[in-house]
Amino acid sequence: MVVGALVIVGALALPWLNPGYRALSFAITTCITAIVLYGMAIPFGQAGIMSLGYAGLMGFGAYTAAILSRDLGMNMWQAMPFSAVVAALFAGLFGLPSLRISGHHFAITTYVMCELLRIALTNGGAFTGAATGLDLPAIGTVLGVNMDKLGNAYLLVAVFMLASVLATYFISSSKYGRTLRSIRENEQLARSVGINTNMHKVGAFMLSGLFAGVGGDLQAYNFRHISPDLYGGAVSLYFALMVMLGGPRTLFGPLAGAFIVTFLPEVMKIDPVDSRIAYGVALIAVIMLLPGGIIAVVERSYRWLLAAARGARRDASRPDAGASRV
Amino acid sequence: MAVLEIIGVRKQFGGVVALAGVDVTIKSDEILGIIGPNGSGKTTLFNAVCGVYRPDAGRVRWNGADITGKPAFEIGRMGIGRTFQQAMSFPSLSVRENIQIAMEHGSHRRDGATRRWSSAEELLQFVGLEEFADESANAMPFGNLRRLGVAVALGGRPSQLLLDEPAAGLNEAESAELVQLFRRVHQLGVGVCVIDHHVQMMAELCRHLIVLHFGNKIADGPTETVVRDAKVIEVYLGTQS
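Residues numbered from 1 in each chain as written. Chains lettered and ligands numbered in written order. Predicted model: local features only at pLDDT ≥ 70, side-chain atom pairs only at ≥ 80, totals over all residues.

(A) The overall build of chain A, seen in detail. Secondary structure assignment for chain A yields 15 helices and four strands. Over its C-alpha trace chain A gives a radius of gyration of 22 Å, about what one expects of a compact globule, namely 20 Å for 326 residues. The contacts of chain A with a sequence gap of at least 6 include a subset with a gap of at least 24, amounting to 79%. (Helix = DSSP H or I, 4+ residues; strand = E, 2+ residues; numbered from the N terminus. Rg over C-alpha atoms; globule rule 2.2 N^0.38 Å. Contact = placed C-beta atoms within 7 Å.)

(B) Representation of the overall build of chain B in the model. Along the backbone of chain B there are nine helices and ten strands. Expected size for 241 residues packed as a compact globule is a radius of gyration near 18 Å; at 17 Å, chain B falls within 12% of this value. Sorting the 241 residues of chain B into buried and exposed places 47% on the buried side. (Buried ≥ 20, exposed ≤ 12 C-beta atoms within 10 Å, placed from the backbone.)

(C) View of the interface of chain A and chain B. On the chain B side, the residues contacting the 16 residues of chain A number 23 residues. If you list the elements that add at least two residues to the side of chain A that touches chain B, you get α8 (175-185) and α9 (187-192) of chain A. Looking at the side of chain A that touches chain B, the element that brings in the most residues is α8(A), giving six residues. Among the residues forming the side of chain A that touches chain B, the class breakdown is three nonpolar, eight polar and five charged. (Nonpolar A, V, L, I, M, F, W, Y, C, P; charged D, E, K, R; others polar.)

(D) View of the confidence of the model for chain B. Residue and element names in this part refer to chain B. Confidence along chain B averages 88 in pLDDT terms, with 95% of residues attaining 70 or more. Model confidence for chain B, summarised as mean pLDDT per element, is weakest for helix α9 (residues 230-237) at 80 and strongest for strand β8 (residues 191-195) at 94. Interface confidence for the predicted complex, expressed as ipTM, amounts to 0.91; the pTM equals 0.89. (pLDDT = per-residue confidence, 0-100.)

(E) Spotlight on the pairing of strand β4 (residues 57-62) of chain B. Residue and element names in this part refer to chain B. Relative to β4, strand β1 (residues 3-13) is paired through five bridges, and the arrangement is antiparallel. Considered in β4, the bridge of Leu4 is made with Trp62. Across two bridges, the pairing between β4 and strand β5 (residues 65-66) is antiparallel. Residue Trp62 lies in a different strand from β5, and its bridge partner there is Ala65. Connecting β4 to the next strand, β5, in antiparallel fashion are two residues, including Asn63 with a positive phi near 50°. (Pairing = 2+ DSSP bridges.)

(F) Region of the structure containing the environment of A:Leu117. Its place among the elements puts A:Leu117 in helix α5 (residues 103-122). Residues contacting A:Leu117, with those up to four places away along its chain left out, are A:Gly56, A:Gly59 and A:Tyr231.

(G) Seen up close, the nonpolar core. One finds A:Leu37, A:Ala87, A:Val157, A:Phe239 and B:Ala151 to be the most contacted residues of the largest nonpolar core, which totals 164 residues. In this view, A:Ala87 contacts A:Leu57, A:Phe60, A:Gly61, A:Gly209, A:Leu210, A:Ala212, A:Gly213 and A:Gly216; residues no more than four positions away in its chain are not counted. (Core = buried A, V, L, I, M, F, W, Y, C linked by C-beta atoms within 7 Å.)

(H) Representation of the sheet that holds strand β7 (residues 160-164) of chain B in the model. Residue and element names in this part refer to chain B. Strand order in the open sheet made by the six strands is β6-β7-β8-β3-β9-β10, with mixed pairing throughout. Strand pairing shows two members of the sheet lacking a second neighbour, β6 (80-82) and β10 (216-222), which therefore form its edges. Here the average twist between neighbouring strands, direction ignored, is 15°. Pairing between strand β3 (residues 31-35) and strand β9 (residues 208-213): four bridges, direction parallel. Note that in β9 the partner of Ile34 across the bridge is Ile210. (Axes fitted to C-alpha atoms, helices over the stretch in contact; angles between N-to-C directions.)

(I) Focus on helix α3 (residues 95-104) of chain B. Counting buried positions over the ten residues of α3(B) gives nine, a clear majority of the element. All buried positions along α3(B) are accounted for by B:Val95, B:Arg96, B:Glu97, B:Asn98, B:Ile99, B:Gln100, B:Ile101, B:Ala102 and B:Met103. In this structure, the buried side of α3(B) is in contact with α8 of chain A together with α4 (120-127) and α5 (142-155) of chain B. B:Gly106 sits one or two residues past α3(B) and shows a positive phi near 65°.

(J) Spatial organisation of the packing of α3(B) against α4(B). All names here are of chain B. Packing of α3 against α4 leaves a shortest axis separation of 9 Å and a crossing angle of 110°. One way to sum up the angle between α3 and α4 is to call them roughly perpendicular. α3 and α4 meet at a crossing whose hand is right-handed. Between α3 and α4, the residues in contact are Val95, Arg96, Ile99, Gln100 and Met103 and Ala120, Leu123 and Leu124, respectively. Along the lines of polarity and charge, the residues of the contact of α3 with α4 split into six nonpolar, one polar and one charged. (Parallel < 35°, antiparallel > 145°, perpendicular 65-115°, else oblique. Left-handed = near helix turned anticlockwise from the far one by under 90°.)

(K) Region of the structure containing unusual backbone geometry. Residues and elements named next belong to chain B. Positive phi values are uncommon outside glycine, yet Asn63 reaches one of about 50°. Tracing the sequence through the fold places Asn63 in the loop between β4 and β5. The class for Asn63 is partly exposed, based on 15 C-beta atoms found within 10 Å. Of note in this structure, Glu165 is not a glycine but carries a positive phi near 45°. Turning to its location among the elements, Glu165 is positioned in the loop between β7 and α6 (172-187).

(L) Structural detail: the sheet that holds β5(B). Residues and elements named next belong to chain B. Within the open sheet, the four strands sit side by side as β2-β1-β4-β5. Their pairing is antiparallel. The sheet terminates laterally at β2 (16-27) and β5, the two strands that pair on one side only. Contacts from helix α1 (residues 42-49) reach β1, β2 and β4, with the element oriented near 115° to β1.

Structure, rendered in structure tokens:
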């Protein structure tokens, strides 16, 4: 509760701290990425199905937005539902192989689908803008607020990011979340008590696709230029790294992962090649030392500290507590 | 009374005939035991009923309706609950959540015999796991895990329960407690069918026994007759030559 309030206040207060242009654009990237990661965490964290296709799904959202803007003159808001639905449909398609294969095999399949999308976009001629990509108009004004100002654009994506945190909270604490977790925990047992696991797997992917589609729409309008390289398998790998680093089963894990991977190279002044090596090392370290991600470890230590504090207070309130310490 | 009819069910894995056309009728007003040595086809029989495998031949009928080859989740929703040989649970979830998942799904029937527990707490009390409600399933001792498996199956409000070696790996005292639990389940009007090779326990629990051997039914009748059957004794103890 306290942590949640802090994150909300912190996220919304950022523009007033004069963070500078560069930090603000990193913050925008962090928020947009986090939206996609919250989607990814539904099948990955809840249902236990790891996939490497999320950059591609985001790409479906972004290209849908760009093409609808170019051909039909739609703005960001009008395109958003279409981006979400297109990405959700393709997410269902990406998820279909999970009914037959699992684990690494499934992850590799989705990686390949993501790469296929990148190749298709690169060779899509005038329709997809080929390797150059597509341009988009500015967001314009939202409720009378000019989104050309970076601080305002940040607030807009931050609101969407917080909405996806909230959505994740409701999903994971609902009956639906429990149903997905039962698939992660023991698919055969889940089926025996009447859960249509195949339907729920594809459903979880489609739900996550909605997040990726909205993220893609927001990204397209914030970057104002999209190209196939943004949506390839390599980017998907980064997304997976972020989710695992932060913790796919925790409420703030995806946000923490997006934040760390976006800001760390900047803060520590590591060049792009070195940072890739650092990510590789970091990922191995997290998998081996902090299974469940950084946030899961923070939560566990917090709970441990609480219990320890409670224990100490109980000791101190005992009449003989002072004596025993002498 | 619910009736599960297995008619001439056959299942083959490559060259191995696991079930060579078996007829079994399971009525919910009795506790039926199915015994047989390892590899006699007991678990395959459950799996063929519960939609894990599709039988190669034969039919499965539930209250007169043909359910042969239906997917496992539909069988679960029709009111046939089962447990597994390997003491399955949703390991990293709490015991309460394990039960909640089953109660939120399972059979859609809410009438008479199937409406028994209105909350996970009541069911936990019924199986005697209430003090473990907030622990994660994999933190419990093995005997409790077996109980939890039964509780999860019961959470789905079954009319018929199929128990696959529920006492495997348990000591005498734990097995005796489970036998008591199954009797109480049966008193609620739920059909109980148990697979095991623990003959003594089965003789105590079941009035009706079926014996499988290499995928064939070699005996079917009242327990006292079956345990004296020459063929059964031969299968279990071997013949003196």
